[in-house]
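# Structural overview for review
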Amino acid sequence: MPTFEYAPAPESRAVVDIASSHGLFIGGEFVEATGGKPFKTLNPATEEVLSEVSEATADDVDAAVRAARSAYTRVWSRMSGADRGKYLYRIARIIQERARELAVLETLDNGKPIKESRDVDIPLVAAHFFYHAGWADKLSYAALGDNPRPVGVVGQVIPWNFPLLMLAWKVAPALACGNTVVLKPAETTPLTALLFAEICRQADLPPGVVNIVTGAGATGQAIVDHPGIDKLAFTGSTGVGKMIARSTAGTRKKATLELGGKGANIIFDDAPVDQAVEGIVNGIFFNQGHVCCAGSRILVQENVADEVVRRLKRRLTTLRIGDPMDKNTDVGAINSRAQLQRIEELTAAGSQEGAERWDSGCELPSTGYWFRPTVFTDVSQSHRIAQEEIFGPVVSVLTFRTPGEAVAKANNTPYGLSAGIWTEKGSRILWMADQLRAGVVWANTFNKFDPTSPFGGYKESGYGREGGRHGLEAYVKTGSDQ
Ligand code: TAP
């Protein structure tokens, strides 16, 4: 089926003004780093350098932790919940007012399609701040335990796939509960976090309540190791999460870890096929598959497998891949060369192990980092592409005959973050949801997010929840906790 010809519909980038270099945001000011090596952040769709960003050293992290401690003891932990809530509402409203600017900047720095940053990421960012603003003066009624109090200074390290949204998931609950934060965005996507720092100033947030230190793994490690941090919140790979768990073991630091996933999207033979195919597309090709809870394994009932795969391939030939700033683009750029290489390595392993590889054959731009939506069939449970997180636009199709077999296969992974079920039978949905070892189970939909709903993993997908009432628990002490 040929793709419709669409005229280009480019979003204007005139709405953003990207400074050629950026300092660190410490104690309410943008300051020079004390000697780290500045690094460049690129537009992955064009490889154009967008800006040079400072690398925070351990000394800079120390300054940020001290600023956060001072703001915590002098101002933020003493402020009434109602007043903290007012700041969060103010931040949420500024995010809405500057939504277009934030969406364009996110797309330039990350490579995701503008229609996703505009319609998904940024509205959810504002929603997280609105939602947590509402909790700030109601923590005693949230059934968190006796006398909920802030934990103190929180260190937060986030990945590059939803840069500003992951910041919102971390910063909004921390601030609502009366904590102050030191946050490190990912090396490849620091720009919206730095614009958020500007928004904190615009909202007159007391200096030191939010501190943003840019850098790579070593800066993250300096946050993790700093003795002045009371709680760590990390989102990223399971490998780094395990290191963090090791380095906080035996210390007084609390930690929550949101790690990788290998979600199963399970299609029964009574599912409406076209809707299920849309669900598969949304589950794995949304955000180029750079989604921890992506439905990267399709488990399809054997008697409808050929039909589902046929319609899926036909649908994939209609996806538009290319300029992320074009409003018609469905699949944007891979975030970095390193991530592209990892996707290439794992997909090559899929072919070597005997799976059947198919891609849409679409044309790709000549500069930037790109990967065609790819489907593997004839996949078996032991293949690396069925076990390891690819974190790209690649899906592995496996089959099953009975609901029990679907559950066994879905749970046969070290991860446990998400799953999807497609069937018209409500009783089967409830039975399956009960058996699946996944933090989120979607029924007849996929990749739906809401700040009121807790999100998190089982097994190697991490521990702790973000969002909802449950997400507040990590940010408070109760009863006789020290
Ligand atoms: P990581 O390499 O783990 O990076 C995550 C963050 O940790 C980045 O800011 C990274 O810095 C930093 N970091 C790297 N080494 C560190 C260390 N030794 N100590 C402290 N911090 C360190 O993951 P990624 O490649 O950015 O993100 C992809 C992974 O995140 C996937 O596995 C995905 O599933 C997971 N993820 C999970 C979720 C949830 S909610 N479960 C959500 C999104 C992503 P640099 O990037 O600057 O090196």
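Keep in mind that what you see is a predicted model, and the values were worked out from it rather than measured.

## A word on the packing of helix α3 (residues 99-110) against helix α6 (residues 191-202)
Contact geometry of α3 with α6 gives a least axis separation of 9 Å together with a crossing angle of 155°. It follows that α3 is roughly antiparallel to α6 by the angle criterion. Together, E101, L102, L105, E106 and D109 of α3 and L191, T192, L195 and I199 of α6 make up the contact between the two elements. Residue classes in the contact of α3 with α6 are distributed as five nonpolar, one polar and three charged.

## Digging into the nonpolar core
The biggest cluster of nonpolar side chains holds 109 residues, and the ones touching the most others in it are I95, F129, F196 and V210. The leading source of residues in this core is helix α5 (residues 163-176), at eleven residues. Beyond its immediate sequence surroundings of up to four residues, I95 is in contact with L102, I122, V125, A126, F129, F196 and I199. Judged by nonpolar contacts, the second largest core, of 28 residues, contains Y369, F376, A410 and L436.

## Considerations on helix α14 (residues 426-435)
Looking only at α14, the buried set comprises R428, I429 and M432. Seen from one end, α14 has its buried residues packed into an arc of 100°, which puts them on one side. Counted as exposed and oriented over 90 degrees from the buried face of α14: S427, L430 and D434. Against β12 (264-267), α13 (403-411), β17 (418-422) and β18 (440-443) lie the buried residues of α14.

## Let's talk about the sheet that holds strand β5 (residues 48-53)
Two pairing modes exist for strands in a sheet, parallel and antiparallel, and in both the strands are linked by backbone hydrogen bonds. If you walk across this open sheet you meet the three strands as β1-β5-β4, and the pairing is mixed. Looking at the sheet topology across the chains shown, the edges are occupied by β1 (21-22) and β4 (39-43). Where β1 meets β5, two bridges bridge the pair, whose relative direction is parallel. Paired with H22 across the two strands is V53, which belongs to β5. Strands in contact with α3 are β4 and β5; relative to β4, the strand with the most contacts, it is inclined by about 105°.

Rules used throughout
Residues numbered from 1 in each chain as written. Predicted model: local features only at pLDDT ≥ 70, side-chain atom pairs only at ≥ 80, totals over all residues. Heavy atoms only, no water. Axes fitted to C-alpha atoms, helices over the stretch in contact; angles between N-to-C directions. Helix = DSSP H or I, 4+ residues; strand = E, 2+ residues; numbered from the N terminus. Parallel < 35°, antiparallel > 145°, perpendicular 65-115°, else oblique. Contact = heavy atoms within 4.5 Å. Nonpolar A, V, L, I, M, F, W, Y, C, P; charged D, E, K, R; others polar. Core = buried A, V, L, I, M, F, W, Y, C linked by side-chain atoms within 4.5 Å. Buried < 20%, exposed > 50% of the residue type's maximum accessible area, 1.4 Å probe, protein only. Arc of directions from axis to C-beta. Pairing = 2+ DSSP bridges.

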